[in-house]
Amino acid sequence: MDLRYPPEAEAFRLELRSWLEANAEPDLAAPHETLERGSPALERLVAWNRKLAEAGYAAMSWPVEYGGRGASLLEQVVFVEEMERVQAPATVNLIGMPNIAPAIMQWGTDEQKERFLPRMMRGDDIWCQGMSEPDAGSDLASLSTRAVLDGDSFVVDGQKTWNTLGHIADWCQLYVRTDPSAPKHKGISCLLVDMRTPGVEVRPLKTITGDLGFSELFFTDVRVPKAALLGPLHEGWKVATTTLAHERAGVAKLHLQLRRNIAELISLSTRTILPDGRRASEDPVLRQKLARIYLEGEYLKLLSDRAVSGLLHGRATGPEGSLAKLVWSDLQNHIAEVTSDVLGPDGLGGRPGAQRVSVRAASIAGGTTQVNRNIIAQRVLGMPRGG
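A brief report on the enclosed structure follows. Here the structure is a predicted model, which is why all the values come from computation and not from measurement.

1. Considerations on the overall build of the protein
Okay, step 1: Within the protein, the regular secondary structure consists of 11 helices and 8 strands.
Okay, step 2: Taking 387 residues into account, the globule formula puts the C-alpha radius of gyration at 21 Å, and the protein, at 22 Å, falls close to it.
Okay, step 3: Dimensions of the protein along its principal axes, counting C-alpha atoms only, are 75 × 50 × 50 Å.
Okay, step 4: Expressed as a percentage of its 387 residues, the buried residues of the protein come to 45%.

2. Concerning the environment of Ile273
Okay, step 1: Inspection of the secondary structure puts Ile273 in the loop between helix H7 (255–269) and helix H8 (284–312).
Okay, step 2: Taking C-alpha positions, Ile273 is 42 Å from Val46, a pair spaced 227 residues apart along the chain.
Okay, step 3: Aside from chain neighbours lying at most four places away, what touches Ile273 is Arg278 and Arg279.

3. A short note on the packing of aromatic side chains
Okay, step 1: Taken as a whole and assessed by the stated rule, the structure comprises 7 aromatic pairs.
Okay, step 2: Look at Trp127 and Trp171: their rings are 5.9 Å apart centre to centre, the planes differ by 20°, and that puts the pair in the stacked class. Note that Trp127 is positioned in strand E1 (residues 127–130) and Trp171 in strand E4 (residues 171–177), a separation of 44 residues in sequence.
Okay, step 3: Judged by relative accessible area, Trp171 falls into the buried class, the value being 7%.

4. Regarding unusual backbone geometry
Okay, step 1: You will see that Gln87, though not glycine, has its phi angle at about 55°, which is positive.
Okay, step 2: Here Gln87 lies in the loop between helix H3 (73–85) and helix H4 (96–107).
Okay, step 3: With relative accessibility at 39%, the residue Gln87 sits in the partly exposed group.
Okay, step 4: Look at His234: it is not a glycine, yet its phi comes out positive at around 70°.
Okay, step 5: Residue placement: His234 occurs in the loop between strand E8 (229–230) and helix H6 (236–249).
Okay, step 6: What makes His234 partly exposed here is its relative accessible area of 27%.

5. Focus: the nonpolar core
Okay, step 1: With 52 residues, the main nonpolar core has Trp48, Tyr57, Trp62, Ile104, Met120, Trp127 and Tyr175 as its most contacted residues.
Okay, step 2: Mapped by element, the contributors of at least two residues to this core are helix H1 (7–23), helix H2 (40–55), H3, H4, helix H5 (110–122), E4, strand E5 (188–194) and H6.
Okay, step 3: Not counting residues up to four positions away in its chain, the partners in contact with Met120 are Trp62, Asn93, Gly96, Met97, Ile100, Ala101, Ile104, Asp125 and Trp127.

6. Side note on the pairing of E4
Okay, step 1: The element E4 is extensively covered by neighbouring structure, given that 7 of its 7 residues are classed as buried.
Okay, step 2: Here E4 shows two buried faces, one formed by Trp171, Gln173, Tyr175 and Arg177 and the other by Cys172, Leu174 and Val176.
Okay, step 3: Sheet analysis places E1 next to E4, joined by 4 bridges and oriented parallel. Considered in E4, the bridge of Trp127 is made with Trp171.
Okay, step 4: Pairing analysis gives 7 bridges linking E4 to E5, with the strands arranged antiparallel.

Conventions and cut-offs
Residues numbered from 1 in each chain as written. Predicted model: local features only at pLDDT ≥ 70, side-chain atom pairs only at ≥ 80, totals over all residues. Heavy atoms only, no water. Helix = DSSP H or I, 4+ residues; strand = E, 2+ residues; numbered from the N terminus. Rg over C-alpha atoms; globule rule 2.2 N^0.38 Å. Buried < 20%, exposed > 50% of the residue type's maximum accessible area, 1.4 Å probe, protein only. Contact = heavy atoms within 4.5 Å. Phe/Tyr/Trp six-rings, centres within 6.5 Å; stacked < 30°, edge-to-face > 60°. Core = buried A, V, L, I, M, F, W, Y, C linked by side-chain atoms within 4.5 Å. Pairing = 2+ DSSP bridges.

Taken by themselves, the reported measurements are silent on function.
See below:
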C-alpha cells in the first residue's frame, strides 16, 4: 500500500483550511433540534450548503461540466479530512449528492441534468430515495409499488418505508414496477417524482430516540410525467446498481468520525470516577475494551487507506468496501457499548443513551451486516453459497 499526498493535494488542504477558518460556523454539524421543513436548523444547513457551492466545494467529485470541481481522489480525501477536523457538515443532500446525482449524470436526459443537478448541489431542492418497502427491504428486486403508463403520464400506486429525509424532501428518486410479468430483476423503472404531486402522502416515522429521520411514503393514483423516467423503461435495476455502487463506496470515509469518537471516549474515561474510586481508565477490564475499539478504529483506517491506494494504482474497488462497511457497523456498536460501560447508569440518558439505542441502525444502513458477511464469505474467502 502506497498512500502519499502529492504537493497539489497539500496545497488544496491549505486553501480549504484557510476558507474553513474564515467561514465555518459552530454547532452546524450537530443541530439540537429535529430537522423539519422551515425549521431554523434546516435553514442554516441550506445556507451553509449554498456557501459551499459558491466557493466551489459542494460537489468535489462531480465533473466540471456538471458544476463540480472535478477533484482528484486525494483532493476528495483531503476535503473529507478537513471538514471532519472542524466538524463541518457537507451538503444537506446526504442522499442526493452521492447516490442520486451519479445516476442522473449517467442515465439522465440533458433536460433532467440541467434541471436537477445545479439545484441539488446548492441545496435548493432536497432529495430522498424511494427503495425499501414493507416487504422489500434489502431485496430491492421484490418491490411491488406499481406504475402504469397512461398517455403521457405514469400512474403510481404503492408504499415505501424507511425513507431518509422524506419529510423534508422536494423530490424522490422512486423505483417502481412497470412490467409485473417480467422476472423480478427486470420490469423495474426509475422515476424522478415531485413530492408535492397530488396523491403523495408522507408519514414521518419517529424512532426510539424521538428523531424523524425516516418516513413512510404512500402513493395513491399519483400521476408522474413520462419525461420523469430516468434511464430506459423497465431497466431501473441498472439505474439502482449505479446508485448503490456510489453509496457503498463512500462508507470507507467514515473512519474519521469513529476515530474521533474513540479518542473522545478514551479522554472521557480518564475523567470518569467509578464507584470504587478509581478512574475508568484504570480499570483493567475497561482498559482492555478501550484498547480493542482503538485497534478496531485503526484497522478501519487501514482498510480505507488500502482502498484509496488501490484506486490510485489502477485497481478496481475490491472487497475493501464490504470489509470496511462490516467493521464500521460493528465498531459503532462497540463504541456505544463501551461508552455505557464507562459511564454506568449515567450512560442511560442524554446523548450517550440515545446513541446506545439508535446505533443498531448501523447494522442495516448501506447494506445489512448479514449481507456483507455473505459477500465477504463468498468473494473474499471463496466459500460456497449456502444450500
